[in-house]
Amino acid sequence: MFSNILFANVTTNILLTLATVVVLVVIFLLSRLLDKKADVKFKAFLVGLAYFISFLALVASAGFLLWLWNFDLETYFTAIFSGFTDTLENSIGLLVTSALIIFIALFILKVIKLSVSRVGTKQSPSQKRKKTIAKLLMSLSKYGIWLITLLIVLAIWGVNVGPALAGLGIAGLVIGLGAQKFINDLINGLFIIFEQHYDVGDVIETNGFIGEVVDIGLKTTKIKNWKGELKILANGDITDVVNRSRFQSLAIIDFGVAYDSDLDKVVEVLKENLPKLKSMLPEITEDPQILGVTELANSSINYRVIVRTLNNQHFNVERVGRAFIKKTLEENGIEIPFPQVVVHQAK
């Protein structure tokens with residue numbers, strides 16, 4: 001009789017346990033469904049509420065199952081609390097010291113970050129260089145300070161950091177042998193930075209991609225083009241680089257006139273009017289120059305005009321310059337021809 005009652009109680013407990021697990025699974029699935037279907041406006045609130053309810057259900061279910069299986073919660077929590085109190089009393093000094101060390105590390109990082117943010121704010125020829133070195137130092141400082149902080153905290157808690165340092169050296173050797181590509185990226189990154197191949201803010205062309213350098217790290221370089229696309233290249237893969245930001249740019253404007261045009265008049269008109277283009281565009285650094293005839297094409301006689309501009313400002317000068325030249329030639333009766341074909345009929 002007693003065995004039958006015990007079996008029935010165990011069976012009931014198992015069924016209640018399974019039911020509790022099923023309820024938890026249903027609550028979890030409902031919270032996931034709410035996360036996907038919730039309105040964007042109230043999604044953060046509803047998702048937070050769902051996770052809070054899920055947490056309460058989990059705690060309540062755990063307590064219920066422990067009570068169901070006659071687990072002595074009072075004795076268990078009393079033992080934990082008393083042990084925790086003794087540990088806290090013995091470790092309060094170590095905890096305060098560790099917290100102080102971490103606070104000092106955070107303070108140093110904050111000071112370094114503020115100092116780095118002020119570097120390169122004043123306009124100067126070396127502004128880009130200063131920003132590049134500042135970002136590199138910030139990256140190295142962050143990793144170095146956290147590593148030193150970790151070792152100090154471990155030493156405070158009685159951990160012998162000597163073997164750890166030796167282990168780091170051995171691990172570094174093993175990693176260096178197995179990660180030659182990674183080491184190659186780091187070495188190439190050092191050469192890029194210290195030999196000043198390019199700096200943050202320079203416009204470069206590499207691997208068929210043209211854009212502005214937005215970040216230089218020891219391992220990667222980030223380049224953003226005019227369409228807003230960001231390309232991340234490993235420094236070891238950057239072998240051929242065209243830096244378009246070191247010297248003044250050159251705008252090249254080619255145009256054609258009709259074969260029956262007065263060539264001397266074309267040159268005279270442009271020499272007289274091209275200086276007006278410089279007054280229109282402040283990025284032009286020198287008066288535009290007409291080089292003369294460059295090609296006798298099928299339907300036109302082609303001329304070339306060159307314009308010195310500020311770094312990487314030649315694209316806009318070329319666009320405005322073409323429109324200016326066309327308007328100037330039209331005002332002076334000089335034709336810019338469209339493609340023509342002359343047909344001769346044999347007699």
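Presented here is a report on the structure given in the accompanying data block. (Residues numbered from 1 in each chain as written. Predicted model: local features only at pLDDT ≥ 70, side-chain atom pairs only at ≥ 80, totals over all residues. Heavy atoms only, no water.)

**What about helix α8 (residues 314-331)?**
Thinking step 1. Here α8 spans 25 Å end to end across 18 residues, near enough to the 26 Å set by a 1.5 Å rise per residue.
Thinking step 2. All of the buried residues along α8 are His 314, Val 317, Glu 318, Gly 321, Phe 324, Ile 325, Thr 328 and Leu 329. Projected down its long axis, α8 shows its buried positions confined to an angular sector of 135°, all on one face. Turned more than 90 degrees from where α8 packs its buried face, Arg 319, Lys 327, Glu 330 and Glu 331 sit exposed.
Thinking step 3. Contact partners of the buried residues in α8: β6 (249-257), α7 (263-280) and β8 (301-309).
Thinking step 4. The first or second residue beyond α8 is Gly 333, which carries a positive phi of 70°. (Helix = DSSP H or I, 4+ residues; strand = E, 2+ residues; numbered from the N terminus. Expected span 1.5 Å × (residues − 1). Buried < 20%, exposed > 50% of the residue type's maximum accessible area, 1.4 Å probe, protein only. Arc of directions from axis to C-beta. Contact = heavy atoms within 4.5 Å.)

**Let's talk about the environment of Thr 294**
Thinking step 1. Assignment of secondary structure puts Thr 294 in strand β7 (residues 289-296).
Thinking step 2. In this structure, the C-alpha to C-alpha distance between Thr 294 and Phe 255, residues 39 residues apart in sequence, is 9.7 Å.
Thinking step 3. Ignoring any residue separated from it by four or fewer positions in sequence, one finds Thr 294 in contact with Asn 302, Tyr 303 and Arg 304.

**Observations concerning the pattern of salt bridges**
Any two side chains of opposite charge can pair, so long as their charged atoms come close to each other.
Thinking step 1. For the structure shown, the criterion picks out 4 salt bridges.
Thinking step 2. Between Glu 229 and Lys 227 there is a salt bridge, with its nearest N and O atoms 3.9 Å apart.
Thinking step 3. Of the residues examined, Lys 227 reaches a relative accessible area of 52% and is grouped as exposed. (Salt bridge = Lys/Arg side-chain N within 4 Å of Asp/Glu carboxyl O.)

**A short note on the sheet that holds strand β5 (residues 242-243)**
Thinking step 1. The strand order across the open sheet formed by 5 strands is β4-β3-β2-β1-β5, and the pairing between neighbours is antiparallel. Each edge of the sheet is formed by a strand with only one pairing partner; in this case those strands are β4 (230-234) and β5.
Thinking step 2. As paired strands, strand β1 (residues 203-206) and strand β2 (residues 209-216) are joined by 4 bridges and run antiparallel to one another. When the sheet's bridge partners are listed, Ile 204 is paired in β2 with Gly 211. (Pairing = 2+ DSSP bridges.)

**Some words on the sheet that holds β8**
Thinking step 1. In space, the 3 strands of this open sheet follow the order β6-β8-β7, with antiparallel pairing throughout. Looking at strand neighbours, the two that pair on one side only are β6 and β7, the edges of this open sheet. Recorded for the sheet is a direction-independent mean angle of 25° between the axes of neighbouring strands.
Thinking step 2. As defined by bridge partners, β7 adjoins β8 across 6 bridges and the pair is classed as antiparallel. Counterpart to Gly 292 in the pairing with β8 is Arg 304.
Thinking step 3. Against the sheet, α7 touches β6, β7 and β8, its axis set at about 20° to β8.
Thinking step 4. Strands β6 and β8 of the sheet are contacted by α8, whose axis makes an angle of about 30° with β6. (Axes fitted to C-alpha atoms, helices over the stretch in contact; angles between N-to-C directions.)

**Describing the side chain of Ser 249**
Thinking step 1. Following the sequence through the fold, Ser 249 ends up in strand β6.
Thinking step 2. Note on Ser 249: relative accessible area 8%, which makes it buried.

**Topic: a negative patch on the surface**
Thinking step 1. On the surface, Asp 262, Asp 264, Glu 268 and Glu 272 cluster together to form a negatively charged patch.
Thinking step 2. Residue position: Asp 262 is located in the loop between β6 and α7.
Thinking step 3. Classification of Asp 262 by relative accessible area gives partly exposed; the value is 47%. (Patch = residues over 30% accessible without salt bridge, like charges linked within 9 Å, V, L, I, M, F, W, Y side chains within 5 Å. Areas by Shrake-Rupley, 256 points an atom, 1.4 Å probe, with all protein chains shown as cover. Lys, Arg positive; Asp, Glu negative; His and termini not counted. Charge placed at Lys NZ, Arg CZ, Asp CG, Glu CD.)

**Remarks on the packing of aromatic side chains**
Thinking step 1. Scanning the entire structure with this criterion turns up 1 aromatic pair.
Thinking step 2. Taking the centre distance of 5.7 Å and the plane angle of 10° together, the rings of Phe 255 and Tyr 303 count as stacked. Within this pair, whereas Phe 255 is found in strand β6, its partner Tyr 303 is found in strand β8, the two being separated by 48 residues in sequence.
Thinking step 3. The exposure class assigned to Tyr 303 is buried, which follows from its relative accessible area of 1%. (Phe/Tyr/Trp six-rings, centres within 6.5 Å; stacked < 30°, edge-to-face > 60°.)

**Let's talk about the nonpolar core**
Thinking step 1. Grouped together as the largest cluster of nonpolar side chains are 21 residues, with contacts concentrated most on Phe 255, Val 257, Leu 270, Val 305 and Ile 325.
Thinking step 2. Where this core is concerned, the elements lending two or more residues are β6, α7, β8 and α8.
Thinking step 3. Considering every element that reaches this core, the biggest residue donor is α7, with 5 residues.
Thinking step 4. Of all hydrophobic cores here, the second largest spans 12 residues; its members include Ile 193, Val 213, Leu 233 and Ile 238. (Core = buried A, V, L, I, M, F, W, Y, C linked by side-chain atoms within 4.5 Å.)

**With respect to the environment of Ile 252**
Thinking step 1. Inspection of the secondary structure puts Ile 252 in strand β6.
Thinking step 2. Ile 252 has contacts with Arg 304, Val 305, Ile 306, Glu 318 and Arg 322, leaving out every residue within four places of it along the chain.

**Describing the pairing of β1**
Thinking step 1. Linking two consecutive strands that pair antiparallel, namely β1 and β2, is a turn of 2 residues; a positive phi of about 55° is found at Asn 207 within it.
Thinking step 2. Strand direction decides the pairing type here: β1 and β5, joined by 2 bridges, are antiparallel. The residue of β5 that forms the bridge with Glu 205 is Val 242.

Honestly, it's all geometry; don't read function into it.
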